[in-house]
Amino acid sequence: MPASRSRIVAEVDFEKNGRQQGFLRLFHSVHSSAYGFIPIPIVVLKNGDGPTALLVSGNHGDEYEGQVALCNLAKSLDPARIQGRVIILPAANFPAAMAGRRTSPIDEGNLNRLFPGDPDGTVTEQIAYYIEHELVPMADLLCDLHSGGSSLMYVPSALFGGWQRDGSTAAGVAALKAFASPIAYVAEANQGGNRTLSGGAARQGVIALGTEAGGSGHVTRTALRIVERGVNNVLVHLGILPEGARIAPDGPTRFLEVGGPDYFVYAPENGLYEPLVELGDMVRAGQAAARMHFPETPWVSPVTAHFARDGFVLCKRMPGRTARGDCLFHLGTDIAL
Ligand code: ZN
């Protein structure tokens, strides 16, 4: 591990066998607490030598499926059953997770747009720095559990965002297949570029899987089941859990690719958004996606947004009030992996 420049102090010993739990202490001197720290919870389970899985949720604080899954796992996983190490960080952007917000109420930091972070930066930049430079290098694989958050809803999916079309990332694809979710997608680039945690994992040479497990600020049994099975099966894939612990999938995985700007549909006007398709629909290039209405002038004709390509509706905006530039839908296209 590189010499630490992070100011964050871990209460847990990452090299000790058994179960440990406590906090990452992020010292934050404010009016109400001069010498206090922000307590970011962490659980470490270790049994002898073996691979390390780093499991993260609450990177965005309003994405709850992963946080629930990792709360369950932190209590249910018996260190005596594993070989290697599992590091669980259920509320990565802790201030955001406590506020139920995508971004931190302390500094408005969007953790998943602030990697590689800054050890001397804002609270959120310090969290990013610690995760990328202290936690990720310990890991053989990262699972960063996201969903659509407050504004978007996904068909619950696993994803591998570090995919390369040239076949050089077969280990990541194999891990994605092990996740065994009904829908899984790959992407060569994402909205956050290399400022995301998966970008940080790429810099550290660590395979990064993720989820978009649902969203719209709530948790469904279906999404939770997909996430919990996937995380379990990735631990089996790594050899941390025994083969007998693998949970059978409901069926084969449908693999999709999410590509460039033509996969996305944005609101063309400020207004009230009327979706014309639903999650899981197959659509055609040129098909109407949504109408924007103007209740303040109901006699004005709505403005229609269209899909730019064929595809599967993977993601949908949930709130009705919408501003020009808001993402309404994004597509995936079937791919053989
Ligand atoms: Zn997210």
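Residues numbered from 1 in each chain as written. Predicted model: local features only at pLDDT ≥ 70, side-chain atom pairs only at ≥ 80, totals over all residues. Heavy atoms only, no water.

Visitor: Any details on the pattern of salt bridges? Residues and values, ideally.
Guide: Applying the stated criterion across every chain yields a total of 19 salt bridges. Residue Arg-85 pairs with Glu-15 through a salt bridge whose shortest N-O separation is 3.3 Å. One end of the pair, Arg-85, is in strand β5 (residues 84–89); the other, Glu-15, is in the loop between β1 (9–10) and β2 (18–27), and 70 residues separate them in sequence. For Arg-85, a relative accessible area of 8% translates into the label buried. As a salt-bridge pair, Glu-274 and Arg-291 come within 3.0 Å of each other at their nearest N and O atoms. Linking Glu-274 in strand β13 (residues 271–275) with Arg-291 in strand β15 (residues 288–293), this pair joins segments that are 17 residues apart in sequence. For Glu-274, a relative accessible area of 26% puts it in the partly exposed group. (Salt bridge = Lys/Arg side-chain N within 4 Å of Asp/Glu carboxyl O. Helix = DSSP H or I, 4+ residues; strand = E, 2+ residues; numbered from the N terminus. Buried < 20%, exposed > 50% of the residue type's maximum accessible area, 1.4 Å probe, protein only.)

Visitor: Could you give an account of helix α4 (residues 170–179), naming the residues involved and the relevant values?
Guide: Restricting attention to buried positions, one finds in α4 the residues Gly-172, Val-173, Ala-175, Leu-176, Ala-178 and Phe-179. Residues of α4 that are buried make contact with β6 (141–146), β8 (157–160), β9 (183–186), β10 (207–212), α6 (221–238) and β11 (254–257). Phi for Ala-180, located one or two positions after α4, is positive at around 60°. (Contact = heavy atoms within 4.5 Å.)

Visitor: Requested: an account of the coordination of the zinc ion, with residues and values cited.
Guide: At this site the zinc ion is bound by His-60 (ND1), Glu-63 (OE), Glu-63 (OE) and His-146 (ND1), with donor distances of 2.0 to 2.3 Å. Taken together, the 4 donor atoms surrounding the zinc ion define angles of 58 to 147° at the centre, an arrangement classified as irregular. (Donors = N, O, S within 2.8 Å, 3.2 Å for Na, K, Ca; no water. Tetrahedral: all angles 85-135°; square planar, octahedral: opposite > 155°, others 65-115°.)

Visitor: Quick rundown of the layout of surface pockets? Include the residues and the values.
Guide: For the largest pocket, the calculated volume is near 770 Å³. Per-element accounting of the lining of the largest pocket gives the leading share, 5 residues, to β10. By volume, the second largest pocket amounts to about 340 Å³. Along the walls of the second largest pocket sit 21 residues, with Gly-161, Gly-162, Ser-198, Gly-199 and Ala-202 positioned nearest its centre. For the lining of the second largest pocket, the secondary structure elements donating two or more residues are α4, α5 (197–203) and β10. Class assignment for the residues of the lining of the second largest pocket results in 8 nonpolar, 12 polar and 1 charged. (1 Å grid on protein atoms, 1.4 Å probe; cavity = no way out; pocket = protein on both sides within 12 Å on 5 of 7 lines; lining within 4 Å. Points joined across faces, edges and corners; volume = space filled by probe spheres on them. Nonpolar A, V, L, I, M, F, W, Y, C, P; charged D, E, K, R; others polar.)

Visitor: I'd like a description of the packing of helix α1 (residues 65–76) against α6, backed by residues and values.
Guide: Relative to each other, α1 and α6 sit at 50°, their axes nearing to 9 Å. The angle between α1 and α6 places the two elements in the oblique class. For α1 against α6, the interelement crossing comes out right-handed. Residues Glu-65, Val-68, Ala-69, Asn-72 and Leu-73 of α1 form the contact with α6, whose own contacting residues are Ala-223, Leu-224, Val-227, Glu-228 and Val-231. A per-class count over the contact of α1 with α6 returns 7 nonpolar, 1 polar and 2 charged. (Axes fitted to C-alpha atoms, helices over the stretch in contact; angles between N-to-C directions. Parallel < 35°, antiparallel > 145°, perpendicular 65-115°, else oblique. Left-handed = near helix turned anticlockwise from the far one by under 90°.)

Honestly, that's just the spatial picture; any functional story needs more than this.
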